[in-house]
Amino acid sequence: MGLFGFFTSAEEQRKQEVRTGARAPDRTERRKCWDARDEFFKCLDKYDVIDSTKDEGKKIAEKQCAKEHKGFEDNCAAAWVGFSSRLYYSYPELS
């Protein structure tokens, strides 16, 4: 991000608007989000993490799945990250 948000590219500005919910994602952005989500959840499954927000699961996720989690957060609206995570933790059999 540029100095105080003045020197950001149009693409970066749009990504930020999508992340904050100020703008709805287009089809390509939704696909990137879903792919990033799937990669993060696949990583959690690989390390048998049920909930990456608590206790030992959080430690493992931060160590083993940091790259995937960053991609998930960078490519999805914050509300989608929260919703997807709650759904995943509530119904792990859906993953």
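Residues numbered from 1 in each chain as written. Predicted model: local features only at pLDDT ≥ 70, side-chain atom pairs only at ≥ 80, totals over all residues. Heavy atoms only, no water.

Colleague: Give a description of the nonpolar core that names residues and reports values.
Modeller: The biggest cluster of nonpolar side chains holds 13 residues, and the ones touching the most others in it are Phe-40, Phe-41, Leu-44 and Phe-72. The set of elements that each furnish at least two residues to this core consists of helix H2 (27-46) and helix H5 (78-90). At five residues, the largest contribution of residues to this core is made by H2. Here Phe-40 is in contact with Ser-52, Cys-65, Glu-68, His-69, Phe-72 and Tyr-89, once residues within four sequence places are set aside. (Core = buried A, V, L, I, M, F, W, Y, C linked by side-chain atoms within 4.5 Å. Buried < 20%, exposed > 50% of the residue type's maximum accessible area, 1.4 Å probe, protein only. Helix = DSSP H or I, 4+ residues; strand = E, 2+ residues; numbered from the N terminus. Contact = heavy atoms within 4.5 Å.)

Colleague: So, the packing of aromatic side chains: which residues are in play, and what are the values?
Modeller: Tallied over the full model, the rule gives three aromatic pairs. Their ring planes at 40° and their centres at 5.7 Å tell us that Phe-40 and Phe-41 sit as a pair that is tilted. Pairing Phe-40 with Phe-72 gives two aromatic rings, centres 5.7 Å apart and planes at 25°, and the pair type is stacked. Here the residue Phe-40 occupies a position in helix H2, and Phe-72 occupies one in helix H4 (residues 66-75), the gap between them amounting to 32 residues. Phe-72 matches Phe-40 in its accessibility class, with the two residues each being buried. Members of the aromatic cluster, connected to one another through ring pairs, are Phe-40, Phe-41 and Phe-72. (Phe/Tyr/Trp six-rings, centres within 6.5 Å; stacked < 30°, edge-to-face > 60°.)

Colleague: Go over the state of the cysteines with me, naming the residues and quoting the values.
Modeller: The tally for this structure, following the rule as stated, stands at two disulfides. Here Cys-43 pairs with Cys-65 through a disulfide, and the sulfurs are 2.0 Å apart. Here the S-S torsion is close to -90°, and the disulfide linking Cys-43 with Cys-65 is therefore left-handed. Separated by 22 residues along the polypeptide, Cys-43 in helix H2 and Cys-65 in the loop between helix H3 (55-64) and H4 bring together distant segments of the chain. The two residues Cys-43 and Cys-65 agree in class, both being buried. Shown here for the chain is a disulfide pattern of 1-4, 2-3, where each number marks a bonded cysteine counted in sequence order. (Disulfide = S-S within 2.5 Å.)

Colleague: Hey, could you go over the pattern of salt bridges for me, with residue numbers and the actual values?
Modeller: Counted under the stated rule, the structure contains eight salt bridges. When the shortest N-O distance is used, the salt bridge between Lys-42 and Glu-39 registers 3.3 Å. Taken together, the residues span about one helical turn, with Lys-42 and Glu-39 both in helix H2 at a distance of three residues. A salt bridge links Asp-74 to Lys-70; the shortest N-O distance between them is 2.8 Å. Here Asp-74 pairs with Lys-70, and both are found in helix H4, just four residues apart, close to one helical turn. When its relative accessible area of 28% is taken as the criterion, Asp-74 is described as partly exposed. Residues participating in the shared-partner salt-bridge network are Arg-14, Asp-26 and Glu-29. (Salt bridge = Lys/Arg side-chain N within 4 Å of Asp/Glu carboxyl O.)

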